[in-house]
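# Coordinate inspection notes
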Amino acid sequence: MRSESLLEYLLVNFRWVFVVFFLLPCTVLGKIWSVFEKSLWSRHTGLEHEKNLSHVQRQIRHRNKLAPDQVMCTARPSWRSMTIADMAYKKYMFNIDVHLDGIVSINAKTRTVRVEPGITMGRLIPILIESGWTVPVALDMEDLTIGGLVMGTGLESSSHKFGLFHETCTRYELITANGDLIICSKSENADIFESIPYSYGTLGFLTAVDIQMIPAKKYVKLKYRPIRTLEKMESRLIVETNDLENNDFVELLIYNKDEGVLMTGKMTDGNRDIKYVNRIGRFYKPWFFKHVESFLMTWKIGEEYIPLKDYYFRHNKPLFWEIQDIIPFGNHPVFRYLLGWLMPAKVALLKLTQTDTIKQLYAKHHFIDDFILPISSLKKSVQQFHAILNIYPIWVCPTVLRPGKGLMHSPATVNNMYIDIGLYGEPKVSKYNPTILRDLEIFVLKLKGFKMMYAGTYLNIDEFRTMFDHRLYDQIRQNLSCKSNFPEVYDKVNREARI
Ligand SMILES: Cc1cc2nc3c(=O)[nH]c(=O)nc-3n(C[C@H](O)[C@H](O)[C@H](O)COP(=O)(O)OP(=O)(O)OC[C@H]3O[C@@H](n4cnc5c(N)ncnc54)[C@H](O)[C@@H]3O)c2cc1C
Ligand SMILES: NC(=O)C1=CN([C@@H]2O[C@H](COP(=O)(O)OP(=O)(O)OC[C@H]3O[C@@H](n4cnc5c(N)ncnc54)[C@H](OP(=O)(O)O)[C@@H]3O)[C@@H](O)[C@H]2O)C=CC1
Ligand SMILES: CC(C)=CCC[C@@H](C)[C@H]1CC[C@@]2(C)C3=C(CC[C@]12C)[C@@]1(C)CC[C@H](O)C(C)(C)[C@@H]1CC3
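Thresholds, definitions, all that
- Residues numbered from 1 in each chain as written.
- Chains lettered and ligands numbered in written order.
- Predicted model: local features only at pLDDT ≥ 70, side-chain atom pairs only at ≥ 80, totals over all residues.
- Heavy atoms only, no water.
- Helix = DSSP H or I, 4+ residues; strand = E, 2+ residues; numbered from the N terminus.
- Rg over C-alpha atoms; globule rule 2.2 N^0.38 Å.
- Buried < 20%, exposed > 50% of the residue type's maximum accessible area, 1.4 Å probe, protein only.
- Contact = heavy atoms within 4.5 Å.
- Areas by Shrake-Rupley, 256 points an atom, 1.4 Å probe, with all protein chains shown as cover.
- Lys, Arg positive; Asp, Glu negative; His and termini not counted.
- Charge placed at Lys NZ, Arg CZ, Asp CG, Glu CD.
- Axes fitted to C-alpha atoms, helices over the stretch in contact; angles between N-to-C directions.
- Parallel < 35°, antiparallel > 145°, perpendicular 65-115°, else oblique.
- Left-handed = near helix turned anticlockwise from the far one by under 90°.
- Nonpolar A, V, L, I, M, F, W, Y, C, P; charged D, E, K, R; others polar.
- Near = heavy atom within 4 Å.
- Polar contact = N/O pair within 3.5 Å; in protein donor to acceptor, adjacent residues only side chain to side chain.
- UniProt positions renumbered as here; feature names shortened; annotations may be inferred.
- Pairing = 2+ DSSP bridges.
- Phe/Tyr/Trp six-rings, centres within 6.5 Å; stacked < 30°, edge-to-face > 60°.

Take the overall build of the chain next. Secondary structure assignment for the chain yields 19 helices and 17 strands. For 499 residues, the compact-globule estimate of 2.2 N^0.38 gives 23 Å, and the chain sits close to it at 22 Å. Seen through its C-alpha atoms, the chain measures out along the principal axes to roughly 65 × 65 × 50 Å. Burial status across the chain gives 56% buried among its 499 residues. In the chain, 75% of the contacts between residues at least 6 apart in sequence involve partners at least 24 apart. Surface summary for the chain: the accessible area is close to 22200 Å², and the carbon and sulfur share equals 55%. Between the mean site of the 63 positive side-chain charges and the mean site of the 53 negative ones, the chain shows a separation of 3 Å.

What follows is the structure, encoded as structure tokens:
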């Protein structure tokens, strides 16, 4: 056997050896480096932000002279991005380095934090919590960036209250195709402000985002409620998402077509009576989805206090449940106590080191996608996903969609409650074919639903335009002369662009 193919064989069949003994130690070294970076942050000033801004403007003006016909995208490499796909378009578009990742200011008076778009949730949240603040929609994976969440989309278990991530943003700095800086908010360039979310970097480059802040409390008091039957899950979820007074967080994990655990949480500083705090973020603690599943064994309603940061990043260690395919024994107590402190594996490193064979295996035998559907179609949709995919657990996260003119909004003139249904894993059906995704997308379209685009789409351009409202977007593209300078969203998310 050639040494190359032996290596390939080992990397595919014993990927955990490579991950546990090489990739995880590298991740830890990366974390040590980030401690140095933290000290750099304290030196990040508004002045430095101005310098970073001019750096982006210079590159755009240079491109305008050198290659005016080549459309632009960010230079963030595919392997750093939180998606399984490779962005093929990065190869032929003009790459602009927008790697700005500092915190510009934290303003307690206006309750906003101004950040550069490359900062990750994993860096921002601990800094805010230390200063007594947090953001209304804090995403559960450390490596997601603010820029990616505004330009793509983001939601979390507090979205039933606050909506999608971008709805908590109050101001954007955008550098347009000619290199000009424009400020957008509800009162300044309001139409551009509304068009930016979900535009995938096709209107300009973000250089700063203002996000609302809310006071952070110490814990989340989380209630776990096992539920039998999809009907009951749907009706209980509707009740809990409407109870904004008592529920800061709502999330449902479905473990099979008849059983799930509904979680509702409230941010609290607790009181002296708290006897037990479950610090689920500690390295030796079980994976969160396994912990939640344990409530199905006892079939009792449970309640516990979880430190705020541990709650936010609850799905980060097992990457929801994806890491079990890579380190199958990762939740075993022996592994957790001996090597659990090395976790979680850095997604970027996992991506960078996956071989072509692993990539093809994932493409053929694995499904990763999120659909956003009206809350009242939970039962119907889960039944459909069960028949076509049979993947469990299923992540269900409610989010309110508001009326508007941007690419994704409530189809009505009032707020509507939707749910994100996340399906991640190996389909357990006999005739699985990846192109089945197209049928699911059409199913979602008929229900007036949407799809998260990080995973790409099989929809054709007309169907895509039916799913996402392009009226204002088209107009803004014209006003900002985007045509020969930036691709359209569809050019970045169709299956040929994301392979
Ligand atoms: C998509 C995929 C991703 C993998 N990722 C990793 C990894 O990250 N780390 C690692 O150490 N090993 C990974 N493996 C290797 C895997 O766990 C098995 O060790 C390998 O497939 C050899 O199994 P087998 O030939 O005995 O077939 P079996 O394990 O009996 O598999 C039967 C069928 O199921 C498919 N299959 C097996 N495992 C998976 C899976 N995890 N997801 C989807 N389909 C699957 C196989 O392609 C095969 O067609 C992956 C395999 C696949 C297919
Ligand atoms: N809980 C959740 O909601 C989760 C969401 N996600 C998805 O992950 C993605 C975010 O991942 P992340 O790795 O952070 O981001 P990505 O690198 O994937 O970027 C997403 C998009 O945003 C654009 N973009 C990013 N920064 C800028 C900028 N400064 N100016 C202009 N455009 C920019 C990128 O443009 P370009 O193509 O030019 O690089 C790209 O099209 C989102 O699409 C989100 O939907 C994933 C997991 C969880
Ligand atoms: C809306 C929400 C909550 C989405 C969650 C999406 C996650 C489940 C996705 C985001 C990035 C993601 C696609 C990823 C992977 C699994 C699913 C993830 C974690 C993995 C780790 C699977 C194994 C792959 O070999 C590889 C390492 C390339 C990817 C990396 C990205």
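From this point, things continue past the structure.
At their nearest, the axes of helix α8 (residues 230-242) and helix α15 (residues 378-388) sit 9 Å apart, and the two run at 135° to each other. With respect to α15, the axis of α8 lies oblique. Every pair of crossing elements has a handedness; the one defined by α8 and α15 is right-handed. Contacts between α8 and α15 involve L230, E231, M233, E234 and L237 from the former and L378, K379, V382 and Q383 from the latter. For the contact of α8 with α15, the residue count by class is five nonpolar, one polar and three charged.

A few words now on the site of ligand 2. Close to ligand 2 lie 27 residues, the nearest being T74, S81, Y89, K90 and T153. S81 is positioned such that a nitrogen or oxygen atom in its side chain is 2.6 Å from an oxygen atom of ligand 2. Within the backbone of L155, a nitrogen or oxygen atom sits 3.0 Å from an oxygen atom of ligand 2. Within the complex, 95% of the 900 Å² of free accessible area of ligand 2 lies under protein. At the level of elements, β1 (72-74), α5 (146-151) and β8 (205-212) are the ones that each hand at least two residues to the shell around ligand 2. The greatest single-element share of the shell around ligand 2, amounting to three residues, is contributed by α5. By residue class, the composition of the shell around ligand 2 is 14 nonpolar, 10 polar and three charged.

What follows deals with the UniProt feature "transmembrane region" (unreviewed entry) in the chain. Residues annotated in UniProt with the feature "transmembrane region" (unreviewed entry) correspond here to residues 12-33. Helix makes up 95% of residues 12-33 and strand 0%, whereas the separation of the span's terminal C-alpha atoms amounts to 29 Å.

This part covers the UniProt feature "domain: FAD-binding PCMH-type" (unreviewed entry) in the chain. Under the UniProt annotation, the feature "domain: FAD-binding PCMH-type" (unreviewed entry) is placed at residues 99-216. Taken end to end, residues 99-216 is 22% helix and 28% strand, and its two terminal C-alpha atoms sit 28 Å from one another.

A sheet is described by the order of its strands in space; here five strands give the open sequence β3-β4-β8-β6-β7, paired in antiparallel fashion. Only two strands of the sheet have a single neighbouring strand rather than two, namely β3 (103-107) and β7 (181-185). The sheet shows a mean angle of 15° between the axes of neighbouring strands, direction not considered.

A few words now on the packing of aromatic side chains. In the structure shown here, the tally under the stated rule is 23 aromatic pairs. Ring centres 5.6 Å apart and planes at 70° place the aromatic pair F329 and F335 in the edge-to-face group. According to the relative accessible area criterion, F329 is partly exposed, its value standing at 31%. The exposure class assigned to F335 is buried, which follows from its relative accessible area of 7%.

Residue P344 follows M343 across a cis peptide bond; omega there is 0°. Within the secondary structure layout, P344 lies in the loop between α12 (333-339) and α13 (347-352). For the bond from Y392 to P393, the omega torsion is -5°, close enough to zero to count as cis. Along the chain, P393 falls in the loop between α15 and β15 (394-401). A positive phi angle, close to 50°, is found at Y200, a residue other than glycine. For Y200, the location among the structural elements is in the loop between α7 (190-195) and β8. Even without being glycine, L319 reaches a positive phi, approximately 45°. Note on placement: L319 falls in the loop between α10 (308-312) and α11 (323-326). According to the relative accessible area criterion, L319 is buried, its value standing at 12%.

The local shell around ligand 3 holds 20 residues, among which R15, F320, L350, Q354 and W395 are the closest. A distance of 3.0 Å is found between an oxygen atom of ligand 3 and a side-chain nitrogen or oxygen belonging to Q354. Here ligand 3 loses 96% of its free accessible area of 640 Å² to cover by the protein chains. Listing elements by their share of the shell around ligand 3, those giving two or more residues are α13 and β14 (367-374). Ranked by residues supplied to the shell around ligand 3, first place goes to α13 with three residues. When the residues that make up the shell around ligand 3 are grouped by side-chain class, the tally is 14 nonpolar, two polar and four charged.

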